[in-house]
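Below, each chain spelled out in residue letters.
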Amino acid sequence: MEALTAIVIGGLTAASVYLMLARNFMRFLFGLVLLSNAANLTIFASGRMTKGHPALVPYGEDAPLGVVGNALPQALVLTAIVIGFGLLAFTLALAFEGYRRMKSVDTDEMRFAEPKEDTTK
Amino acid sequence: MADNSDPNAPWKTLSGLGTSGLTALLFLYFLQFLAPVAAGEPVRFVWDWIPSLDVSLSFYIDGLSLMFALLITGIGAMVMLYAAKYLAGHHHYDRFALYLFSFMLSMLGLVLADNLIALFVFWELTTFTSYLLIGFLHLDPKSRRNALQALLLTATGGLAMLAGFILIGITQGTFELSELNAAGSLADQPFYLLILILVLAGAFTKSAQVPFHFWLPNAMAAPTPVSAYLHSATMVKAGVYLLARMHPSLSGSDVWVWTLSIFGAVTAVFASFMALRQTDLKQTLAYTTLMALGTLTMFLAGSTGYAITAAMTFLLVHSLYKAGLFLMIGVVDHGTGTRDANVLGGLKASMPITAAAAAAAGLAMAGIPPFLGFIAKEVAYAGALEMHLWLFVVPMSLIAFALMFAVAGIVAYKPFYGPQGQLPREPHEGPWPMLLGPVVLGVLGLLFGLLPGISAYYLIEPAVAAVMGEPDTGGRVKLWAGFNLPLLLSLITFGLGFLLYQRHLALRERLAQIEARAADLDAGWDRLLDHFVTYTKAQTRLIQTGVLRQYMFATFAVFAATVLVTLIARDVGGIALQFAGLSFMEWGVALLIVAGTVLVVLTSSRIVGLVALGVVGIGVALIFIMFSAPDVAITQLLVELLVVVLLAMAFLKMPNLDPSGSQSHSFPNAVLAVTVGVLTTIVVLLVVDQPFDRRLTDFFEAASWTEAFGRNIVNVILVDFRTLDTFGEIAVVAVAALGAFALLKGFARARDTKGGEK
């Protein structure tokens, strides 16, 4: 499954890069969500994928029996998902306020920090 | 211009007397090294600093560094006392004391450092602290500009010097000066020429050799105590110190001899003429400092005992009389309200102590026996006669010393004798804290001359030995060396100097005419800076377009290029794709994600895009469920739900994806996106292809129940083993929430209070 996941990751990355290069800031946000997914899958896959054996210690035992899913990348991905969500929420607030102020979602037009006048001087 | 307006302001402040006292204590501390160092036993202290880079904080006290350390702390203590009175009542005096003390410490570190990198760090610290000192009167734009000029010029030289030091470290395998100097000359090593050029760039900018000289007279914008300190014994001597310090390693080649002789001689002669041309006495002294630096550089070109002794003796005597004269000018300025050579005269009656101190310093500067200045001049002529380029060096020295004689008359004689001019203020004698320095320094100049044996044994000969790399027993420092060629040259100097002094007013006019026609390097500097600003603006326009897409494109392109180059350089072979044994469900989930992805990219509807994002998210959650990660899957589903809800709420109030109907698709973007995607796939495949390291996983599996008493290993990691990560994660979410709240609520309120504009 790792090989197939790698291809899925590639597809997600390509799509997110393409969306983040778009002029529309909402597309950029779509790209951010996809990139977050691609990153999480990458961490998950690089810890190797085990089918159907969650990382649990059965009652009465001191350690899991047999091979179980790798717990470490799962913990990392859990953290990453939440942080990715925080990032998206903030970026979304930024985009929303940006739109309210500049009346545009075109990043070529949204130039609060580096106004166009400077470049024509 | 005296900066203190209130002569009755309290001056016995903690910052003034404290720094001065501490510096005096340091002076006493260094005195104890005189005897061992004179006996040929240098002292070395070492602390590890960055052992991995072979950089240590090592200090080395030999004759050369000890002489500098004593001058720095001794003159420093007097200058700080002087400044406490000179700037008493100034509202930024505490700041000034801090700058001056930091500068003193940096300078001390510079002359004591044995490690080239440590030396560089202290070197730049002196640059920064002197920047603050020169620009102390920061309300004056000229002061700011001159400080910046000194900073840029000397820091650029310093960076070149750092490159030279690193080259030395790489080729010689050590950064320790004591080891380098013990190993002898680098003249036949590879890269010698490059090293020499880079190090000289640092030394020449710091010590203001022509054509980098123009910052030094400009630096006179600083208050007088700063000039007295920076331009007598310290800052500008750092370059000379470096030349002397590295003399054993870097000399021994024709390039060294020629470069130092020519730069030094040109600087010395040019500066002495310029000194004659000035009417502001402080500017006159600034140019004589340049002259001294040139002379020192010129004598360091030589390698014979007399040449080095000349450099070291002159260095000592110049530090003493120049600091004294600068301080004296400050007293005169303070007492009369002017520094103009044309106005000042006849102050002897009203300022007797100042006049006496000035006379002592002036006699030392003119080289009159029995002052140490006389000995310095004798040794200098003896050294000049011994040098390879004596035909060049002797006449240049003669001109410079004769001009210096004349300038000594202008600075130390003329203001105090003859008729009194029209002064802005009724002249009065300075207060004792300001007189102590000039008097002590003047007396020392006389004492050292009267007791040449002692000054030679404790100060000059150990320094000469350090520069030459071998013990010095020359006994060259004598008050009476018999009738010889140097004495004859001395007499010619006096005669010539006297003539020049007699005619200096006429000469000054001629010089002013010549100066008006000559190229002005100072203005050239301003033009250079203007061009630089124009260039950087053009460059910024080219690189920083202000268009987000272009920044993103550049970022992803660099990412793709670096990964691609690494893959090619590592010569990665083929990768076998293992699809065997995959069930229908696995193919199905993969297809679901890919379909959702394609839809997100292609759609021009907000709602379709959101739904497609949801499909991708659920597909990813399905992968987590199938492959033993139920906790992750639950989180993913919850977060995915929240994302879709949030986006939907926001998008309701935002325009459609392609509001103007224009498609925002582009072929180059697609090519870059596919490249990045393919490269990511390859990297993930390569990662998975590596042997798997289970050590951490094994630890968690074994310790989860036995140590943390939890059966869900993932949860145990999150809340026990890696709690800090989880805490950080919560903090990130909290900060994001606060930020979003501030953005949405805060700005809305600000807008409302402004009357609903925009």
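Cut-offs applied
- Residues numbered from 1 in each chain as written.
- Chains lettered and ligands numbered in written order.
- Predicted model: local features only at pLDDT ≥ 70, side-chain atom pairs only at ≥ 80, totals over all residues.
- Heavy atoms only, no water.
- Helix = DSSP H or I, 4+ residues; strand = E, 2+ residues; numbered from the N terminus.
- Rg over C-alpha atoms; globule rule 2.2 N^0.38 Å.
- Buried < 20%, exposed > 50% of the residue type's maximum accessible area, 1.4 Å probe, protein only.
- Contact = heavy atoms within 4.5 Å.
- Areas by Shrake-Rupley, 256 points an atom, 1.4 Å probe, with all protein chains shown as cover.
- Pairing = 2+ DSSP bridges.
- Core = buried A, V, L, I, M, F, W, Y, C linked by side-chain atoms within 4.5 Å.
- Axes fitted to C-alpha atoms, helices over the stretch in contact; angles between N-to-C directions.
- Parallel < 35°, antiparallel > 145°, perpendicular 65-115°, else oblique.
- Left-handed = near helix turned anticlockwise from the far one by under 90°.
- Salt bridge = Lys/Arg side-chain N within 4 Å of Asp/Glu carboxyl O.
- Buried area = accessible area lost by both parts, 1.4 Å probe.
- Polar contact = N/O pair within 3.5 Å; in protein donor to acceptor, adjacent residues only side chain to side chain.
- Nonpolar A, V, L, I, M, F, W, Y, C, P; charged D, E, K, R; others polar.
- Phe/Tyr/Trp six-rings, centres within 6.5 Å; stacked < 30°, edge-to-face > 60°.
- Patch = residues over 30% accessible without salt bridge, like charges linked within 9 Å, V, L, I, M, F, W, Y side chains within 5 Å.

Peer 1: Would you take a moment to explain the overall build of chain B for this structure?
Peer 2: Assigned secondary structure in chain B consists of 31 helices and two strands. Relative to the 2.2 N^0.38 estimate, which gives 27 Å for 758 residues, the radius of gyration of chain B is 36 Å and therefore markedly larger than a compact globule would have. Counting only residues that meet the buried cut, chain B has 55% of its 758 residues in that class. Contacts in chain B between residues far apart in sequence, at least 24 positions, make up 79% of those at least 6 positions apart. Carbon and sulfur atoms form 69% of the exposed surface of chain B, whose accessible area is close to 32,700 Å².

Peer 1: I'm lost on the environment of Thr 234 of chain B in this one. Help?
Peer 2: Residue and element names in this part refer to chain B. As for its position among the elements, Thr 234 is in the loop between helix H10 (224-230) and helix H11 (237-245). By relative accessible area, Thr 234 is classed as buried at 0%. A sequence separation of 166 residues divides Thr 234 from Phe 68, and the C-alpha atoms of the two residues are 8.1 Å apart. Contacts of Thr 234, omitting those with residues within four sequence positions, involve Ile 72, Phe 103, Met 107 and Tyr 229.

Peer 1: Sorry, what's going on with the pairing of strand E1 (residues 43-50) of chain B here?
Peer 2: Every regular strand shows the same layout, with side chains that alternate between the two sheet faces. All names here are of chain B. Looking at chain direction, E1 and strand E2 (residues 55-61) are connected through seven bridges and run antiparallel. Bridge pairing in E2 places Val 43 opposite Ile 61. Counting the residues that bridge the hairpin from E1 to E2 gives four residues, and of these Asp 54 lies at a positive phi of roughly 65 degrees.

Peer 1: It is not clear to me how the nonpolar core should be interpreted in this structure. Could you clarify?
Peer 2: Here is a general trend for soluble globular proteins: nonpolar side chains tend to be buried in one another's company. Residue and element names in this part refer to chain B. Among the nonpolar cores identified, the biggest contains 197 residues, and Leu 119, Phe 165, Leu 300 and Met 312 are the most heavily contacted of them. Here this core takes 19 residues from helix H15 (residues 305-336), the largest share from any one element. Residue contacts for Phe 165: discarding those within four places in its chain leaves Leu 116, Leu 119, Phe 120, Phe 175, Val 199, Leu 242 and Met 246.

Peer 1: Help me understand the packing of helix H3 (residues 63-86) of chain B against helix H20 (residues 452-468) of chain B, please; the structure alone is not making it clear to me.
Peer 2: Residues and elements named next belong to chain B. At a minimum axis separation of 6 Å, H3 and H20 run at an interaxial angle of 130 degrees. When the axis of H3 is compared with that of H20, the two are oblique. In contact with Gly 63, Leu 64, Met 67 and Leu 70 of H3, H20 contributes Leu 459, Pro 462, Ala 463, Ala 466 and Val 467.

Peer 1: How should I be thinking about the packing of helix H14 (residues 281-300) of chain B against helix H18 (residues 390-413) of chain B in this particular structure?
Peer 2: Two packed helices can be described by the angle between their axes and the distance between those axes. Residues and elements named next belong to chain B. Running from amino to carboxyl end, H14 crosses H18 at an angle of 155 degrees, the nearest separation of the two axes being 11 Å. Classed by the angle they form, the pair H14 and H18 counts as roughly antiparallel. Of the two elements, H14 crosses H18, and the hand of that crossing is left-handed. Residues Leu 281, Thr 284, Leu 285, Thr 288, Met 291, Thr 295, Met 298 and Phe 299 of H14 lie in contact with H18, whose contacting residues are Val 393, Met 396, Ser 397, Ala 400, Phe 401, Met 404, Val 407, Ile 410 and Val 411.

Peer 1: Honestly, the pattern of salt bridges in this entry has me stumped. Any pointers?
Peer 2: Pairs can form between side chains of opposite charge whenever their charged atoms are close. All told, the structure shown has 16 salt bridges over all chains when counted by the stated rule. Among the ionic pairs, Arg 101 of chain A bridges to Glu 97 of chain A, the shortest N-O distance being 3.6 Å. Of this pair, Arg 101 of chain A and Glu 97 of chain A both sit in helix H3 (residues 71-102), four residues apart, roughly one helical turn. Classification of Arg 101 of chain A as partly exposed rests on a relative accessible area of 30%. When its relative accessible area of 2% is taken as the criterion, Glu 97 of chain A is described as buried. Taking the shortest distance from any N to any O, the salt bridge between Asp 333 of chain B and Arg 339 of chain B comes out at 3.4 Å. The exposure classification of Asp 333 of chain B matches that of Arg 339 of chain B, with both residues buried. Via salt bridges that share partners, Glu 97, Arg 100 and Arg 101 of chain A belong to a single interconnected network.

Peer 1: Help me understand the interface of chain A and chain B, please; the structure alone is not making it clear to me.
Peer 2: The accessible area lost on association of the parts is a frequent measure of interface size. The interface of chain A with chain B comprises 90 residues on the first partner and 105 residues on the second. With both sides pooled, the region where chain A packs onto chain B buries about 8,900 Å², and carbon together with sulfur makes up 74% of that total. Contact with chain B buries area across many residues of chain A, yet Tyr 18, Leu 21 and Phe 30 of chain A alone supply 9% of it, more than any other trio. Counting every contact that joins chain A to chain B gives one salt bridge. Its salt-bridge partner being Glu 586 of chain B, residue Lys 51 of chain A comes within 2.5 Å of it at the nearest N-O pair. Where chain A packs against chain B, one counts 21 residue pairs in polar contact (both at pLDDT 80 or more). Per-element tally for the side of chain A that touches chain B: the top contributor is H3 of chain A, with 24 residues. Its residues placed into classes, the side of chain A that touches chain B shows 56 nonpolar, 19 polar and 15 charged.

Peer 1: Even after reading the chapter, I still don't get unusual backbone geometry, so can you show me in this structure?
Peer 2: In terms of backbone geometry, most residues other than glycine have negative phi values and most peptide bonds are trans. All names here are of chain B. Between Val 210 and the following residue, Pro 211, the backbone shows a cis peptide bond with an omega angle of 10 degrees. Look at the link from Pro 369 to Pro 370: it is a cis peptide, with omega at 5 degrees. Along the chain, the position of Pro 370 falls in the loop between helix H16 (352-366) and helix H17 (372-386). Backbone geometry at Ala 208 places phi at a positive 55 degrees, although glycine is not the residue there. In this structure, Ala 208 sits in the loop between helix H8 (192-206) and helix H9 (215-218). Note on Ala 208: relative accessible area 0%, which makes it buried. The backbone of Phe 709 sits at a positive phi, close to 55 degrees, despite the residue not being glycine. Considering the arrangement of structural elements, one finds Phe 709 in the loop between helix H29 (695-706) and helix H30 (713-721). We classify Phe 709 as exposed; its relative accessible area is 60%.

Peer 1: Help me out: how do you make sense of the packing of aromatic side chains in this one?
Peer 2: By convention here, two paired aromatic rings are described through the distance between centres and the angle between planes. Residue and element names in this part refer to chain B. Per the stated rule, a full pass over the model turns up 26 aromatic pairs over all chains. Seen from their ring centres, Tyr 381 and Phe 401 are 5.6 Å apart, and the 65 degrees between their planes marks the pair as edge-to-face. Of the two residues, Tyr 381 sits in helix H17 while Phe 401 sits in helix H18, which places them 20 residues apart along the sequence. As far as burial versus exposure is concerned, Tyr 381 and Phe 401 are alike and both buried.

Peer 1: What's the story with the environment of Ile 618 of chain B in this structure? I'm lost.
Peer 2: Residues and elements named next belong to chain B. The topology assignment puts Ile 618 in helix H26 (residues 606-626). Among the residues examined, Ile 618 registers a relative accessible area of 41% and is labelled partly exposed. In this structure, Ile 618 is in contact with Leu 637 and Glu 640, ignoring residues within four places of it in sequence.

Peer 1: Explain a nonpolar patch on the surface to me, please; I cannot follow it from the model alone.
Peer 2: All names here are of chain B. On the surface, a cluster of nonpolar side chains totalling about 810 Å² of accessible area is made up of Ile 353, Val 439, Val 443, Leu 446, Leu 447, Leu 450, Leu 451, Ile 454, Tyr 457 and Tyr 458. Elements with a minimum of two residues in the nonpolar patch: helix H19 (432-450) and H20. Broken down by element, the residue count for the nonpolar patch peaks at five residues, all from H19. On the basis of relative accessible area, Val 443 is assigned to the partly exposed category, the value being 44%.

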